[in-house]
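Next come the chains, spelled out residue by residue.
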Amino acid sequence: MMEKGFIQIYTGNGKGKTSAAIGLSVRAAGAGLKTYFVQFMKVFPYSELESLKQLSEFIEIEQFGKDDFIFRKEEPNEEEKNEAMRGLIRAEEKMLSGEFDLVILDEICVSIYFKLFTIEQVTEFLEKKPSNVELILTGRYCPESIVEKADLVSKIEEVKHYYTQGVLSRKGIDS
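Overview of the structure. (Residues numbered from 1 in each chain as written. Predicted model: local features only at pLDDT ≥ 70, side-chain atom pairs only at ≥ 80, totals over all residues. Heavy atoms only, no water.)

Across the sheet, which stays open at both edges, the 6 strands sit in the order S3-S2-S4-S5-S1-S6 with parallel pairing between neighbours. Among the strands making up the open sheet, the edge pair consists of strand S3 (59–64) and strand S6 (152–155). Each strand axis lies, on average, 10 degrees off the axis of its neighbour in the sheet, ignoring direction. Where strand S1 (residues 7–11) meets S6, 4 bridges bridge the pair, whose relative direction is parallel. Residue pairing in the sheet places threonine 11 in a bridge with lysine 155 of S6. Where helix H4 (residues 78–96) meets the sheet, it contacts strand S2 (35–40), S3, strand S4 (102–106) and strand S5 (134–138), and its direction lies at approximately 160 degrees from that of S3. Across the sheet, helix H6 (residues 119–127) lies against S1, S4 and S5, angled at about 160 degrees from S5, the strand it touches most. (Pairing = 2+ DSSP bridges. Helix = DSSP H or I, 4+ residues; strand = E, 2+ residues; numbered from the N terminus. Axes fitted to C-alpha atoms, helices over the stretch in contact; angles between N-to-C directions. Contact = heavy atoms within 4.5 Å.)

Here it is, written out as structure tokens:
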């Protein structure tokens with residue numbers, strides 16, 4: 001167990017926020033630390049999940065909720081909100097269990113933006129963090145009030161991206 005855990009945020013409109021969190025969980029596994037990794041708004045079978053299965057002794061991953069409401073340009077329905085809340089409750093259970101050194105809330109910031117959570121719900125979660133747990137939040141549009149509670153914030157900005165030239169997601173690189 002770690003002596004002191006901090007709150008880290010990876011935000012911004014650039015590519016690499018989830019990748020940074022995954023890299024941290026792999027580094028932690030190399031040191032014998034255990035990670036609980038929860039993904040919100042991601043049910044696609046991303047390639048990194050297959051890789052991380054090789055480290056299942058150290059990294060546990062769960063996914064809660066979809067993002068198809070965004071493409072339909074709709075507000076999330078109650079079912080999506082309930083599924084997201086189920087994920088946050090599960091993450092809290094894992095964080096408080098004493099079993100995990102790191103807890104990663106992937107896409108939690110953008111989940112606030114799309115109204116799956118309120119800022120207050122996420123703030124309450126942060127306030128329950130045990131002192132020896134490292135907590136990592138990722139996603140675009142991180143609210144300033146959440147940023148203020150963090151110990152480390154990295155803003156990943158897009159400078160140039162091949163997506164703007166019509167290149168779609170490439171398996172093994174982007175998904």
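There's more to say after this.
So, on to the nonpolar core. Of all hydrophobic cores here, the largest spans 31 residues; its most connected members are Leu105, Ile108, Phe117, Leu135 and Leu137. Those elements giving two or more residues to this core turn out to be S1, S2, H4, S4, helix H5 (108–113), H6, S5 and helix H7 (144–149). Beyond its immediate chain neighbours, meaning those up to four positions away, phenylalanine 117 contacts Phe40, Ala84, Met85, Leu88, Ile108, Ser111, Ile112 and Val122. Residues Ala21, Ile22, Phe37 and Ile59 belong to the second largest nonpolar core, which totals 14 residues. (Core = buried A, V, L, I, M, F, W, Y, C linked by side-chain atoms within 4.5 Å. Buried < 20%, exposed > 50% of the residue type's maximum accessible area, 1.4 Å probe, protein only.)

Along its 14 residues, helix H1 (residues 17–30) runs 20 Å from first to last C-alpha, staying within 8% of the 20 Å computed at 1.5 Å per residue. Residues of H1 that are buried make contact with S1, S2, helix H2 (47–52), S3, S4 and S5. Once H1 finishes, glycine 32 follows within two positions and takes phi at roughly 85 degrees, a positive value. (Expected span 1.5 Å × (residues − 1).)

Let us now look at H4. Residues that lie three or four places apart on an α-helix share one face, since the helix turns once every 3.6 residues. In this model H4 runs 27 Å from its N-terminal to its C-terminal C-alpha over 19 residues, within 8% of the 27 Å that 1.5 Å per residue would give. Those residues of H4 that sit buried are Glu80, Ala84, Gly87, Leu88, Ala91, Lys94 and Met95. Angular distribution of buried residues about the axis of H4 spans 125 degrees; they occupy a single face of the element. Facing away from the buried side of H4 by over 90 degrees, the exposed positions are Glu78 and Glu79. For H4, the capping residue at the N-terminal end is asparagine 77, with a side-chain oxygen 3.0 Å from the backbone nitrogen of glutamate 79. Looking one or two places after H4, you find glycine 98, whose phi comes out positive at around 80 degrees. (Arc of directions from axis to C-beta. Polar contact = N/O pair within 3.5 Å; in protein donor to acceptor, adjacent residues only side chain to side chain.)

Next up on the list: the pairing of S5. Remember that side chains alternate between the two faces of the sheet whenever the strand is regular. By the criterion of burial, S5 is predominantly enclosed, with 5 of the 5 residues buried. Taking every second residue as pointing to the same face, both faces of S5 are buried, with Glu134, Ile136 and Thr138 on one and Leu135 and Leu137 on the other. Where S1 lies against S5, 4 bridges are found, and the strand directions are parallel. Bridge pairing in S5 links isoleucine 7 to leucine 135.

Next up on the list: the environment of tyrosine 36. Relative to the assigned elements, tyrosine 36 resides in strand S2. Under the relative-accessibility criterion, tyrosine 36 is labelled buried at 0%. Each C-alpha atom, one on tyrosine 36 and one on phenylalanine 58, is 8.5 Å from the other, the two residues being 22 residues apart in sequence. If near-sequence neighbours (up to four positions away) are discounted, tyrosine 36 is found in contact with Glu60, Glu62, Phe64, Arg90, Ala91, Lys94, Phe100, Leu102, Val103 and Ile104. A distance of 2.6 Å separates a polar atom in the side chain of tyrosine 36 from a polar atom in the side chain of glutamate 62.

Now for the environment of lysine 4. Mapped onto the elements, lysine 4 comes out in the segment before S1. Setting aside residues no more than four positions away along its own chain, lysine 4 makes contact with Ser131 and Glu134.

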